[in-house]
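Structural characterization, general
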Amino acid sequence: MIGARALRRALVAISAALLPAGAPAAPLPERFTGAPPAEFAQALEVRPFVFPRDHGPHPEFRQEWWYVTGNLDATSGERFGFELTFFRFALAPPLAGDAPPASSAWRTRTLYMAHFAVTDVARGRFRFMQKLSREALGLAGAHSAPLRVWIDDWSLAQAAVAAGAGWTLQAAQPGYEIELTLEPRGAPVLNGEAGLSRKSDEPSAASYYYSIPRLDVRGRLLRDGRPLEVRGAAWLDREWGSGALGARQAGWDWFALQLDDGSALMFYALRDRDGRRDPHSAGTWTPAQAGADAHPLASADVAIDVTGEWRNARGERYPAGWRLQVPQLALDVSVRPVLADQELATTPRYWEGAVDVAGQRAGRSVRGRGYVELVGYAQER
Amino acid sequence: MNVLHAASLRHLLRHPAQLLLALVGLVLGVGTIVAVDIATASARRAFELSLEAVNGAATHQIAGPPGGIDERLYVGLRTRPRAPGEPLLRFAPVVSGYATVGERVLQLIGIDPLASAELDGAGATDAPGFAVHGVREARAWFTDPGTVVMSSATARELGIGADGRFELAIGGVHHPATVMARSDDAGAGFAGLIVTDIAQAQEWLGARGRLSRIDVRVPDGTPGAALLAQLAAQLPAGVTLQATRAAARETFAMTDAFTTNLRAMSLLALLVGTLLIYGAMSFAVLQRRTIIAVLRALGATRREVLMMVLSEAAVLGVAGAVGGALLGLLIGRGLVGLVAQTINDLYFVVAVSEVSVPPGILVTAVAAGLGTALVAALLPALEVATGAPQLALARSVLERRALHVAGRLALASLLLALGAGAAIAASSRSLLAGFVALFLLLLSVAAVTPAALRALALAVARLGARVSPVVRLACVDIAASLSRTGVAIAALGMALAAMIGVAIMVESFRESLREWLIQTMRADVYVSAPGVSDSLERRLDPEVVRALLAVPGIRAHSEGRRVTVSSSGGPLDLNAVGLAPASYAGFRFTQGDPARAWPQFVRGDVLISEPLAWRLSLAPYDRLTLITDSGPRSFTVAGVYREYGNDRGEVLMDLAQYRRWWSDDGIAALGIYLVPTASAAQMVSALRAATHGRQALLIRSNADLRALSMRIFERTFVITRVLYWLAAGVAAVGLLSALLAWELERTRELALLRTLGLTPAATALLVLAQTTFMGLAALLAAIPAGLLTSLVLTEVINRRAFGWHIDLHLQPAQFTNALWLALAAALAAGLYPAWRSARLALAGGLREE
Amino acid sequence: MLSIRQLSRSFREGARVHRVLEGLDAQVRSGERVAIMGRSGSGKSTLLNLISGIDRADGGAVHIDGTEVTALGEPARTLFRRAHIGFVYQFFNLIPTLDVLDNVRLMLELNGVRGAPARARGLAALAGVGLEERAHSAVDQLSGGEQQRVAIARALVHEPALLLADEPTGNLDEETAREVLPVLLSLTRARGATLLMVTHDEALAATADRVLELREGRLHERRGAPAAAQG
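Cut-offs and rules
- Residues numbered from 1 in each chain as written.
- Chains lettered and ligands numbered in written order.
- Predicted model: local features only at pLDDT ≥ 70, side-chain atom pairs only at ≥ 80, totals over all residues.
- Heavy atoms only, no water.
- pLDDT = per-residue confidence, 0-100.
- Helix = DSSP H or I, 4+ residues; strand = E, 2+ residues; numbered from the N terminus.
- Contact = heavy atoms within 4.5 Å.
- Salt bridge = Lys/Arg side-chain N within 4 Å of Asp/Glu carboxyl O.
- Polar contact = N/O pair within 3.5 Å; in protein donor to acceptor, adjacent residues only side chain to side chain.
- Nonpolar A, V, L, I, M, F, W, Y, C, P; charged D, E, K, R; others polar.
- Phe/Tyr/Trp six-rings, centres within 6.5 Å; stacked < 30°, edge-to-face > 60°.
- Buried < 20%, exposed > 50% of the residue type's maximum accessible area, 1.4 Å probe, protein only.
- Axes fitted to C-alpha atoms, helices over the stretch in contact; angles between N-to-C directions.
- Parallel < 35°, antiparallel > 145°, perpendicular 65-115°, else oblique.
- Left-handed = near helix turned anticlockwise from the far one by under 90°.
- Pairing = 2+ DSSP bridges.

1. Let's talk about the confidence of the model for chain A
Residue and element names in this part refer to chain A. In the predicted model, chain A carries a mean pLDDT of 86, and the fraction of residues at 70 or more is 87%. Per-element confidence in chain A is highest for strand β22 (residues 331–337), whose mean pLDDT is 97, and lowest for helix α1 (residues 2–18), whose mean pLDDT is 41. Considering only residues more than four positions removed or in separate chains, one finds that residues 1–36, a stretch of pLDDT under 50, has 120 contacts.

Written out as structure tokens, the structure reads:
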């Protein structure tokens, strides 16, 4: 037994080494600072975004993700949250030319990882699952026209080759499965400087980053094999690049809030090792009115106070409640997790959970829902 | 301690040498059993560990035809849309084969670490506690050619340096490789294993597009049976789903006949040990006849006396068990290598890196030791407990009783022999019944040996009486000593019979094998791809085959491919052959008519080897179902042929037919016939030159290959020899113990002879002559018994275990080991008493007790 | 024929040295019958062992018919013993695995007499003690007196010059002793052998030509005079 376990440990160690470990929808993990990014394309300049092409993969960059979170209401009245994220990570740049003829079809330089989490509010349950696979033999991969990203039977896809075409999501883990269709309520919003998102003074530590802040969701959620009709709103984040976090950056708090007046706020607060906010923190405000442009928010534009705290089973502390103030938008809201424990015990560990929003916007009361991601609070072991 | 036990214990302690020697016999007997258990268990454990190491948490596996499974099946299983609510199955692909590093054959496992980790994961994810190495390792694993992982110990054994670079050969082709990571705590399962990425394994093993198997993990607590049935229904023809444990059991079950034989051999040592304990206990009881009679006269009950003797035996038994367990651990360590070597030679590659002690071993040891001692002591205990408390019995009464016992023993011997015959006659297939018969026969030998010795001694005494009272004295002494030495003589006779029987069996087997090799190996030169017999990668490069056959001087050639296929009766070895005309005569049919069978063979019937015919109870015109690439298909058996190369048996199929049913066009071996003018040696060099730089093949002349086969044969019998020497050792110790005891007892008599004028040298010679006589007499009884034993071994045991017919070959050499053993044991046992008798202090020697 | 000079023998018991014989002297003429008496532990058996060469002396010399037994090596002593000395023991010491005749014949065989002559002489010797009928009996089927008679036959069959008897009647009841004793005495005399017997039995001692008493490691003639003085 011991021997077998040890071997499995060895194997698991190998696979752990492969984990992109870049936390979702956020700058690149410091773990990769050592890797030579020069072999890959760099996100250094503003570039034009073309859809639906840019929904698809960008293999010349080292990493990339498709990231969907959403809040759902079942016809039964029960409330759910979900996260389905696909990561692409290249171990080495693609080889020029075709693979040698003697190559096994399993040869690959690209790995995929996916996380699927469900927050079952009524039952107080949070369940997640991770998949890791190689881009080979159709086991995992991504292609455009039409878009499809998948690992095994988990997938995110567009039904047609059109910029505004609907999306479908499919994933299953023990106890929970989703089959959802998503209709975008508006064009993609480019974050940062026209889609170029700088994460530090280091020019290479940047990525191309856009969001679709609101998609109407309908479909089925299966709990223990029994289907529930669900409706709700989702958020899509897309990011790709080749860089890594700055050496002093320890983690981030990411907010994606959808207010009931139709507007949406995205903000990520980068933290340094002392817990202070990094000046490269930034966000995007998407107004409710159709046609009105989204505009970026700088670090100084947003004030965040932590109003609550949660400890995981290992005793590590996460913030669990915030007051967000954006004076230039006359926005003052409190943000609370719908469930305290929405931590994914993956590598790395992070907290990614559904939240409720309540407060004032331009003197009127406003409510909303959203997702918050907290990275860098747990020790990696 | 009560006075009763104190009295008896003091007596035993006053004869420490005797006690010690009885204990040595028991310790050796128990030790042999324990050692064999440990050796077998270690091999089994190593096998299981390596399977477990590779299978991980897999509960089932999907296995396919010899060519492996199409990898697209795996992709389909992972990506297919699932029914709503369908439980999650986890899958991991495995490509396995063998690689040679230097001289050593190691298992090569190709895995997808991501899938394997997922399969092994405890829950939905298995993140905690990962050791994070970093991207560099991941990158090396996936993108650097030749990256492997192995245990530090294996890397050390292979002499791989700090840079991790080494070269491995697969199917004769050399590849550079680099050890990326060495696991220090990988444990035994990782021993002799090279792990690499599945892509690399496919490329090295030439198995692109194929998987050896798919590991499956069915989640706990789900209605697994339904799920499995559903999964099995989705599998294409020729692909089967099997529980991992069942598959492992099935594989290891290949060695059943071998391990059963080992266990039987170890039981022989214990049986000899049992006789020794019996001897020692009855001697101890006999010596205390007076004490016990006094105790009984004073009022000790029969029960108390019985318990006294039995509790002594119990103490002896436990001490023997503990000593035996310890000794077994020691011998077991030595045997492990031999057992593993034999398994490697005969069955599959297993690297035993640690000795594993089966949990029940102490129980086995105590049961064997205690049980043996109690059973052995029961008879003498009953005799003294139930007998009338006579204070003194005239010597002649005792001897008349011994004579009576000898008569009864002769009768018992006859009954035992009849029992052995009955056990054989009443069963036709049972191996157990065969062993029962073998042991009954050996016991019969044991029973008859003392009687035979007595008869012989008395006959010589009668003849010698005319010549000399000293001869008569010596002979009569021997006959009279049987109450002391009889059991040891019986044990010696039994061990000698077993030794002779095994020697004849091995020699006969060797001769049968030699004849078979001569008949079967018709070609002049043999070419084969190196590797483990039926592994996939063992194939000749088609280019190389063309180059080989283009060498001038070749008259004809045979082609062969040996694979494992699934059948309704589990995995079977299939030997697909395209025969040269001259090769047909190499098969000796034991059932079926060659003139009819060969044409049928070409048309699609199969031939089966004797062991397979026996194992599956198949005869000509029976049908055998094999799982082909297009599903189960039943083949008619056209004939049964003699084959000693594979104890599980094989199916012989025409190569063209094989290719029709299985998508595998590889060839693993060629048999090359030369034109009359060509020489084998020159052809070997020419063929070597033709393959140079392409594929390192094994190219051997007929004579070389035959010699190699014989070498492997010898190696597989080493363990048998070791075990029978152990049994012989027990018998020798027993004889030594008994003779010592006897000599101690007759100190007075020898002293008297010395006083009357027998010189020290003559006295010593007398003692040596007596023990030698005993040894030779035991041998004399053992020779016919050994012949019978060899018959049982070849005609019953080997036949039932393997289905082999072995022609008996008798040679004087088969008896020489037994002769040496008999002489050595007798002389060794006689030397000390002889020396003692020559140095007797006469002044005190005649004092009354 | 027997001459003993300054014979001494001591035994070690732990740290203590027990002197059994200290400068013992004795002379016995050929054909003489000598009884040796003394308390238990006075060294009577030791003396017999030294005379027969079973045991070795610490000092002094034993001459038998001109041969210095004490100067012989081990094999030579054994060879001398079996040719010239016969033994009768208190406990008979017959060999239980041999029958009566073979017990007697054994002595002849040891002296090189085999086959028919040995058989004839053995039977004659048994006839001499009145036991030719029991020639093929097992010895433990004989009574004590019969066994001692076999022992006497065995002791004399090879016609030794010196017969050593150690309490020859010690293990026999009075009546049996009265039967056995004449056999011993008459046979010894008939063969002209010298008889040296150790005994506690005054009646037996009375049959001797001389009685010596072993005291404090030396022999003393009965009536107080040292034996040597009469030699």
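2. What about the interface of chain C and chain B?
Each side of the interface is counted separately: chain C has 29 residues, and chain B has 30 residues. Taken together, the connections running from chain C to chain B amount to zero salt bridges. For the pair chain C and chain B, the number of links is three residue pairs in polar contact (both at pLDDT 80 or more). Broken down by secondary-structure element, the contributors of at least two residues to the side of chain C that touches chain B are α2 (74–84) and α3 (100–110) of chain C. Broken down by element, the side of chain C that touches chain B gets its largest block of residues, six residues, from α3(C). For the side of chain C that touches chain B, the residue count by class is 12 nonpolar, six polar and 11 charged.

3. Some details on the packing of aromatic side chains
All names here are of chain A. Inspection of every chain in the model, using the stated rule, returns 33 aromatic pairs over all chains. A centroid spacing of 6.1 Å and a plane angle of 80 degrees characterise the contact between Y210 and W240, whose relative ring orientation is edge-to-face. Of this pair, Y210 sits in strand β12 (residues 206–223) while W240 sits in strand β13 (residues 226–241); the two residues are 30 residues apart in sequence, bridging distant segments of the chain. Accessibility assignment for this pair places Y210 and W240 in one class, buried.

4. As for unusual backbone geometry
Here F51(A) and P52(A) are connected by a cis peptide whose omega angle stands at 10 degrees. With respect to the helices and strands, P52(A) occurs in the loop between α1 and β1 (63–74). The omega torsion across A145(A) and P146(A) is -10 degrees, close enough to zero to call that bond cis. Mapped onto the elements of the fold, P146(A) is located in the loop between β5 (140–143) and β6 (148–151). Residues other than glycine seldom take positive phi values, yet E167(C) does so here, at roughly 50 degrees. Among the secondary structure elements, E167(C) is positioned in the loop between β7 (162–166) and α6 (174–190).

5. Regarding the side chain of D152(A)
With respect to the helices and strands, D152(A) occurs in the loop between β6 and β7 (154–158). We classify D152(A) as buried; its relative accessible area is 3%.

6. Quick look at the packing of helix α26 (residues 760–802) of chain B against helix α27 (residues 813–838) of chain B
All names here are of chain B. The geometry of α26 relative to α27 is characterised by a closest axis approach of 8 Å and an angle of 155 degrees between their N-to-C directions. For the element pair α26 / α27, the angle class is roughly antiparallel. Once α26 is placed against α27, the crossing between them reads as right-handed. Its residues assigned to classes, the contact of α26 with α27 comprises 19 nonpolar, six polar and no charged.

7. Observations regarding the pairing of strand β21 (residues 698–701) of chain B
Residues and elements named next belong to chain B. Alternating residues of β21 divide into I699 and S701, all buried, and L698 and R700, none buried. Sheet analysis places strand β12 (residues 525–528) next to β21, joined by four bridges and oriented antiparallel. Residue pairing for β21: Y526 is matched across the bridge by R700.

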